[in-house]
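# Reading the structure
Each chain, letter by letter, is given below.
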Amino acid sequence: KNRMAQVLAGLGAYTLEFEEHPSMILVGDARRDVWRRLYGFPSAEDIVDEVERLVAWRQAHESS
């Protein structure tokens, strides 16, 4: 239980009862340490849109 609390705290989803943590998908760019939480059950399109935004930013800023 303690490990789960640590993981949830690291993800920004800590609750006193870990079984009650919010549903979410974490999408990010580890190289830039940029993370976006999509709460609930986002559609596949929402997830793809977020990934494409991250890729577009990287392409615009790293190809210069």
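Provided above is the structure to which this section pertains.
Sequence order as written defines residue numbering, which begins from 1 separately in each chain. Where local features are concerned, this predicted model is filtered to residues with pLDDT of at least 70; where side-chain atom pairs are given and counted, the filter is 80 or more; whole-chain, interface and lining totals use all residues. Side-chain descriptors were evaluated using all non-hydrogen atoms of the structure, hydrogens and water having been removed beforehand.

### A few points about the packing of aromatic side chains
Stacked, tilted and edge-to-face pairs are distinguished by plane angle, under 30 degrees for stacked and over 60 for edge-to-face with tilted covering the rest, among Phe, Tyr and Trp rings (Trp via its six-membered ring) whose centres lie within 6.5 Å. Using the criterion set out here, one finds zero aromatic pairs in the structure. Lysine and arginine charges are scored as sitting over a ring when NZ or CZ, respectively, is within 6 Å of the ring centre and within 35 degrees of the ring normal. Arg32 extends its terminal NZ or CZ atom over the ring of Trp57, reaching a point 3.7 Å from the ring centre.

### Here we look at the pattern of salt bridges
Note on definitions: salt bridges are taken to be side-chain nitrogens of Lys or Arg within 4 Å of carboxyl oxygens of Asp or Glu. Applying the stated rule across the entire model yields six salt bridges. Glu62 is paired through a salt bridge with Arg31; the nearest N and O atoms lie 2.9 Å apart. Remark: Arg31 occurs in the loop between β1 (24-29) and β2 (34-39) and Glu62 occurs in helix α2 (residues 44-62); sequence separation between them is 31 residues. The partly exposed category is assigned to Glu62, whose relative accessible area is 41%. Measuring nitrogen to oxygen at the nearest pair gives 2.9 Å for the salt bridge that ties Glu50 to Arg53. Placement of both Glu50 and Arg53 in helix α2 is noted, with a separation of three residues, approximately one turn of the helix. Looking at Arg53, the relative accessible area reads 48%, which means it is partly exposed. By sharing partners, the salt bridges in this structure join Asp29, Arg31, Arg32, Arg58 and Glu62 into a single network. In this text, helices come from DSSP runs of H or I with a minimum length of four residues, and strands from runs of E with a minimum of two, each type numbered from the N-terminal end. Note on classification: 1.4 Å probe, protein chains only; a residue is buried when its accessible area is under 20% of the maximum for its type, exposed when over 50%, partly exposed between these limits.

### Topic: the side chain of Glu50
Owing to a relative accessible area of 7%, Glu50 belongs among the buried residues under this scheme. For Glu50, the side chain forms a polar contact with the side chain of Arg53, separated by 2.9 Å. Contacts: residue pairs with any heavy atoms within 4.5 Å of one another. Not counting the four nearest positions on each side in its chain, Glu50 is found in contact with Val27, Arg36 and Leu38. N or O atoms closer than or at 3.5 Å make up a polar contact, with two conditions inside protein: a donor-capable atom paired with an acceptor-capable one, and, for residues adjacent in sequence, both atoms drawn from side chains.

### A word on the environment of Thr15
Assignment of secondary structure puts Thr15 in the loop between α1 (2-10) and β1. Considered as a pair, Thr15 and Ala5 are 10 residues apart in the sequence and their alpha carbons are 7.7 Å apart. Sequence-distant contacts of Thr15, defined by excluding residues within four places in its chain, comprise Glu20, His21 and Pro22.

Taken by themselves, the reported measurements are silent on function.
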